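Here is how the chains run, residue by residue.
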2 protein chains.
Amino acid sequence: MDKIFSALASTPRRRILAYLSATSLTAGEISDRFEMSKPSLSKHLSILENAGLIMREKKGQFVHYSLKPDKLTNTLHGFAQSVCPAGAPLVKESKEIAKQRDLPTSR
Amino acid sequence: MDKIFSALASTPRRRILAYLSATSLTAGEISDRFEMSKPSLSKHLSILENAGLIMREKKGQFVHYSLKPDKLTNTLHGFAQSVCPAGAPLVKESKEIAKQRDLPTSR
DNA sequence: AGCCTATTTAACTAATAAGCTAAATAGATT
DNA sequence: AATCTATTTAGCTTATTAGTTAAATAGGCT
């Protein structure tokens, strides 16, 4: 979860995802669309891959990158649901009442 | 956008949002639920507030924090839509074809 | 083999982020 | 006024991140 949101917390990486949402591209084609050096782009790509948001497929000397679309939508939608469950009323709660609930703590 | 995803790229901050999804809480009540020092928690809260995900309301000596629920769901859903538009087919695309499209570059 | 293109890894620098303790601010209480 | 509680700000340390250039790896071409 941390890996996914960290991966998304970067404008160039979100732009990469946007490019890949239209089509799959090679590392070089992606790099062509940015000012950054190729090694920097490569690092961004590996962060996205490590987060499970994209996949790589080597074909000859080229590496083709493409989106793993379900991963992204499932994660975001699932998280939004878990934090803002539809119809959950927002109620004030005192410290005492909170103690009766079994929200996890880090202790 | 960067601010929102950066704010979400942190387990303690996502946990804070989860607590606040059930109810609004004071800074101290939130702090009680973590091992961290109060200053650290305070910083997390200000990052979340700065991202527009939560709001603070001072009442006497206490500061009450609560979720801005629309902000989170709208952002995540909107982003998921933009990157994975429903029904968009994933097609291979060569460099030449890509140039005809007007995807923005950083140049 | 030798070279050219595509991509990644290594090594480094500079900026950012997370945590801490100690001190400052602000409101409530005696 | 003095003090207590709640919360944030300041200043510091350490770890992580984004970018760089230079070198390594791997595949294709002559």
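These figures come from a predicted structure and were not determined experimentally.

Criteria and thresholds
- Residues numbered from 1 in each chain as written.
- Chains lettered and ligands numbered in written order.
- Predicted model: local features only at pLDDT ≥ 70, side-chain atom pairs only at ≥ 80, totals over all residues.
- Heavy atoms only, no water.
- Helix = DSSP H or I, 4+ residues; strand = E, 2+ residues; numbered from the N terminus.
- Buried < 20%, exposed > 50% of the residue type's maximum accessible area, 1.4 Å probe, protein only.
- Areas by Shrake-Rupley, 256 points an atom, 1.4 Å probe, with all protein chains shown as cover.
- Contact = heavy atoms within 4.5 Å.
- Axes fitted to C-alpha atoms, helices over the stretch in contact; angles between N-to-C directions.
- Parallel < 35°, antiparallel > 145°, perpendicular 65-115°, else oblique.
- Nonpolar A, V, L, I, M, F, W, Y, C, P; charged D, E, K, R; others polar.
- Near = heavy atom within 4 Å.
- Polar contact = N/O pair within 3.5 Å; in protein donor to acceptor, adjacent residues only side chain to side chain.
- Expected span 1.5 Å × (residues − 1).
- Arc of directions from axis to C-beta.

J.: Mind showing me how you'd approach the overall build of chain A here?
T.: A tally of helices and strands in chain A yields six helices and four strands. The order of helices and strands in chain A, counted from the N terminus, is α-α-β-α-α-β-β-α-β-α. Counting over 107 residues, chain A shows a buried share of 41%. In the structure as shown, chain A presents an accessible area of about 5800 Å², 54% of it carried by carbon and sulfur atoms.

J.: Mind showing me how you'd approach the environment of F62(B) here?
T.: All names here are of chain B. Note that F62 resides in strand 3 (residues 62-67). Exposure remark for F62: the relative accessible area of 47% places this residue in the partly exposed category. The spacing of F62 and T26 is 36 residues in sequence and 6.4 Å in space, taken between C-alpha atoms. If sequence neighbours within four positions are ignored, F62 has contacts with T26 and E57.

J.: What is the right way to look at the environment of K68(A) in this model?
T.: Residues and elements named next belong to chain A. Structurally, K68 can be placed in the loop between strand 3 (62-67) and helix 5 (69-83). Here K68 falls in the partly exposed class, since its relative accessible area comes to 37%. Spatially, the C-alpha atom of K68 lies 9.3 Å from that of E49, the residues being 19 residues apart in sequence.

J.: How do you make sense of the packing of helix 2 (residues 11-22) of chain A against helix 5 (residues 69-83) of chain B when you look at a structure like this?
T.: Two quantities define a packed helix pair, namely the angle between the helix axes and the distance between the axes. Where helix 2 of chain A contacts helix 5 of chain B, the axes come no closer than 8 Å and their chain directions differ by 45°. With respect to helix 5 of chain B, the element helix 2 of chain A is oriented oblique. Note on element contacts: helix 5 of chain B touches helix 2 of chain A through F79(B), S82(B) and V83(B), opposite R14(A), L17(A) and S21(A). When the residues that make up the contact of helix 2 of chain A with helix 5 of chain B are grouped by side-chain class, the tally is three nonpolar, two polar and one charged.

J.: Looking at this model, I keep getting lost on the protein's contact with DNA strand D. Mind explaining?
T.: The environment of DNA strand D is formed by 22 residues, the closest being S37(A), S40(A), H44(A), G28(B) and Y65(B). Residue S40(A) places a side-chain N or O atom 2.6 Å away from a phosphate oxygen belonging to DNA strand D. One nitrogen or oxygen atom from the side chain of Y65(B) is found 2.5 Å from a phosphate oxygen belonging to DNA strand D. Where the surface near DNA strand D is concerned, the elements lending two or more residues are helix 4 (38-50) of chain A together with helix 3 (27-32), helix 4 (38-50) and strand 3 of chain B. The biggest single contributor to the surface near DNA strand D is helix 4 of chain A, with five residues.

J.: It is not clear to me how the protein's contact with DNA strand C should be interpreted in this structure. Could you clarify?
T.: If you check the shell around DNA strand C, you find 22 residues, and the closest are G28(A), Y65(A), S37(B), S40(B) and H44(B). One of the backbone N or O atoms of G28(A) is found 2.7 Å from a phosphate oxygen in DNA strand C. Y65(A) has a polar side-chain atom sitting 2.5 Å from a phosphate oxygen of DNA strand C. Of all the elements in the fold, those that place two or more residues in the surface near DNA strand C are helix 3 (27-32), helix 4 and strand 3 of chain A together with helix 4 of chain B. The dominant element in the surface near DNA strand C, judged by the number of residues it contributes, is helix 4 of chain B, at five residues. A breakdown of the residues in the surface near DNA strand C according to their chemical character gives eight nonpolar, nine polar and five charged.

J.: Honestly, helix 4 of chain A in this entry has me stumped. Any pointers?
T.: The periodicity of an α-helix, 3.6 residues per turn, causes residues three or four positions apart to be oriented the same way. Residues and elements named next belong to chain A. The end-to-end C-alpha distance of helix 4, which contains 13 residues, comes to 18 Å, matching closely the 18 Å that a straight helix rising 1.5 Å per residue would cover. Within the span of helix 4, buried status applies to L41, H44, L45 and L48. Around the axis of helix 4, the buried residues are gathered within 100° of arc, so they sit on the same side. For helix 4, the exposed residues set more than 90 degrees away from the buried face come down to P39, K43 and N50. Summarising the contacts, the buried residues of helix 4 are in contact with helix 1 (2-8), helix 2, helix 3, strand 2 (54-59) and strand 3. Just downstream of helix 4 lies G52, where phi reads positive at about 80°.

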